[in-house]
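As a plain string of letters, each chain reads:
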Amino acid sequence: MSQERFAEWVCSTFGPKAFRDLAFLAVLFAFVTVAYGPSLKHPPRADQWCYLADTVNDHTFRDTLRHTYSYNRTRLVAPGDTDLFRPVLFALLAAEKAALGGHFDYVQALGVGFHGAICVLLLVILRQTAGLVRPLELKKEVGTSGSDWLMYGTVAFFALNPCVQELVIWGHLHGYLLFLLFLLGSISCVLRYTARGRAGRDVQWPLYGAWVLTALAAFTYELGQVYAVFAGLVLAAEAAPRVGRPQAFGTFAAFAAILVGYQLANHIDQNVHQGQYQPENLHAAIVKEAATPATLTHSARYGVFTAVQPFFPSLVQTFYGGQRLQVLETVWTGSRLRVVTPTLAVSYATLLAGAALGAAGLWRVAQSRARLICALPAVLYATYAAMNVLGRMNMRPHAWILSGNSYYTYFALLFVLLAASAAWHATGAWAVNVRKGLAAGLVALAALGAEQVWQANTMVAREEREWTRALRAVQKFVDAHEDEPGFSFEIDYPSSDPVPVAHGERITRLVFAEWMSAPQPRYRIAIREGKALPQPAPTQATR
């Protein structure tokens, strides 16, 4: 077996490590299921109610998508972000509404499932990256080099980190998770194309797969445009020695065309909806505020919040306000860093070991052929940070801008771990024990994080239990009767327990309007103690 084929065999996710990987993922998913289990009791929150209010009269996927594919420009309830065009993201929300209806436990489970799929792709990419950067002596001793355990520790640390949980449990943000699935899938295809090209096998399907996934990512979230250009550069640089510069340039042009296509579609959509929304025109303000001391302060806060605080799960403080899970900037304020506890010592040791190992491996990566592709996560982190610092923090300089949008950490931490892992696995045999120690530290922090995730999700479920009880009571009634011809109902609100109101409408109407619009409904129910109780023959509804 050639040296290249042997290296690919020992590093392949579907090679001899498949059983170990599957066993690890099974255990990890068990922990994720327990930690995120309480989130299945969460109802819609915050912006999700705006979406349901705006689509209250849309009951099919087609109607909902037609009215909301450009939701930032057609939104009537609390409009904003009108410069953004995310048709695939809102297609997912329309599909969830049409397919799942009031089964918000299924909606929440879908978010957890997306999170699990992202963790699987993270493991795949870590293996692919390690195969490109790992020193030759470790490719022959991969089972004892500590690399496997470090990969497992990295994935577990991310999967159970309390700083990223808001993106998993807030149903309205599922489109961001879908974007990451497209993005990571594309990165994996780029890595596979690179590895096979270097092994002398000119296989084209990873290239085509990368293009399709990149295009989907770009039309889901605007960060995909930047990725498209950089991915095109990476692929062109990798292919040029084999296929020649003209064909390599064609590859780059194909990926850069995604950005052009997106901008063209965005411009057309702006014209289509002209007069229906108020343009924000923030470009001048963003440029004006970019070169200010506030940008430096916000950048530092953002870096600490997204790249450092996740390593201190024992310090994470969460509370529920404004129907958002708020994660305080405890590391930035530094008030709880002064007393070193055993758990805090683990955080310090893990962070320092990761930083030292990364610094040691960085020069190896910089001198390797893989330096351009390994820079991709760093480019994504820097771009995402610029989007949030310049476009969010500078424009909305509230004290809670990070704590109230803690889901920023999901993207950022993922990119940090991808970038750091390339350097971690590039170090030689001397770092075997450091890798194993770092893996142990990451697993320990994951265990601490799992408890924090469970507690935070339990808190949200408790705070929102009255909203959930009303929705579940009506959904059970709908499940029992919706197949009946002409099914409809009304709710006797004076005889019911209080039903929460969102944007001027009772939440039961926002979710179940499809069956509550008949002038003479077939059923009349009251909601009491979490149950939908039949009432006497229907009369004119009191809403």
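The structure this text deals with has already been given above.
The paragraphs below set out a description of the structure included in this document.

The rules we used
Residues numbered from 1 in each chain as written. Predicted model: local features only at pLDDT ≥ 70, side-chain atom pairs only at ≥ 80, totals over all residues. Heavy atoms only, no water. Core = buried A, V, L, I, M, F, W, Y, C linked by side-chain atoms within 4.5 Å. Buried < 20%, exposed > 50% of the residue type's maximum accessible area, 1.4 Å probe, protein only. Contact = heavy atoms within 4.5 Å. Pairing = 2+ DSSP bridges. Helix = DSSP H or I, 4+ residues; strand = E, 2+ residues; numbered from the N terminus. Axes fitted to C-alpha atoms, helices over the stretch in contact; angles between N-to-C directions. Phe/Tyr/Trp six-rings, centres within 6.5 Å; stacked < 30°, edge-to-face > 60°. Lys NZ or Arg CZ within 6 Å of the ring centre and 35° of its normal. Patch = residues over 30% accessible without salt bridge, like charges linked within 9 Å, V, L, I, M, F, W, Y side chains within 5 Å. Areas by Shrake-Rupley, 256 points an atom, 1.4 Å probe, with all protein chains shown as cover. Salt bridge = Lys/Arg side-chain N within 4 Å of Asp/Glu carboxyl O. Lys, Arg positive; Asp, Glu negative; His and termini not counted. Charge placed at Lys NZ, Arg CZ, Asp CG, Glu CD.

Focus: the nonpolar core
Then, number 1: If you look at the biggest cluster of nonpolar residues, it comprises 154 residues, and the most contacted ones within it are F158, Y302, F411 and F489.
Then, number 2: Not counting the four nearest positions on each side in its chain, F489 is found in contact with V474, F477, V478, F512, W515, M516, P521, Y523 and I525.

Looking at the sheet that holds strand 3 (residues 489-491)
Then, number 1: Strand order in the open sheet formed by three strands is 3-6-7, and the pairing between neighbours is mixed. This sheet does not close on itself; its edge strands, each paired only once, are strand 3 and strand 7 (531-534). In this sheet, adjacent strand axes meet at a mean angle of 40° when their direction is disregarded.
Then, number 2: With three bridges connecting them, strand 3 and strand 6 (residues 523-528) associate as parallel partners. By the bridge assignment for strand 6, E490 is matched with R524.
Then, number 3: The sheet strands contacting helix 23 (residues 465-481) are strand 3, strand 6 and strand 7, and the helix crosses strand 6 at an angle near 150°.

A word on the packing of aromatic side chains
Then, number 1: This model, assessed by the stated rule, comprises 28 aromatic pairs.
Then, number 2: Relative to Y408, the ring of Y407 lies with its centre 5.1 Å away and its plane at 75°, an arrangement referred to as edge-to-face.
Then, number 3: Both rings, one in F487 and one in W515, keep their centres 6.2 Å apart while their planes meet at 50°; by these two values the pair is tilted. Of the two residues, F487 is situated in the loop between helix 23 and strand 3 and W515 in the loop between helix 24 (507-512) and strand 6; the sequence distance between them amounts to 28 residues.
Then, number 4: Relative accessible area serves as the criterion here: at 8%, F487 is assigned to the buried category.
Then, number 5: Residue W515 is classed as buried on the basis of its relative accessible area of 17%.
Then, number 6: Three or more aromatic residues joined by ring pairs form one cluster here, namely W170, Y176, F179, Y221, Y384, Y407, Y408, F411 and F415.
Then, number 7: We note R20 situated over the ring of W149; from NZ or CZ to the ring centre the distance is 5.9 Å.
Then, number 8: Cation over ring: R506 sits above Y493, and NZ or CZ is 4.0 Å from the ring centre.

Thoughts on a positive patch on the surface
Then, number 1: On the surface, K41, R472, K476 and K531 cluster together to form a positively charged patch.
Then, number 2: Note that K476 resides in helix 23.
Then, number 3: Look at K476 and you get exposed, because its relative accessible area is 60%.

Quick notes on unusual backbone geometry
Then, number 1: Phi is positive for A46, close to 50°, though the residue is something other than glycine.
Then, number 2: Along the polypeptide, A46 turns up in the loop between helix 2 (18-36) and helix 3 (47-54).
Then, number 3: In this structure A46 comes out as buried when scored by relative accessible area, which is 13%.
Then, number 4: Backbone geometry at D81 places phi at a positive 55°, although glycine is not the residue there.
Then, number 5: When you line up the elements, D81 lands in the loop between helix 5 (71-74) and helix 6 (87-100).
Then, number 6: The class of D81 is buried, set by a relative accessible area of 18%.

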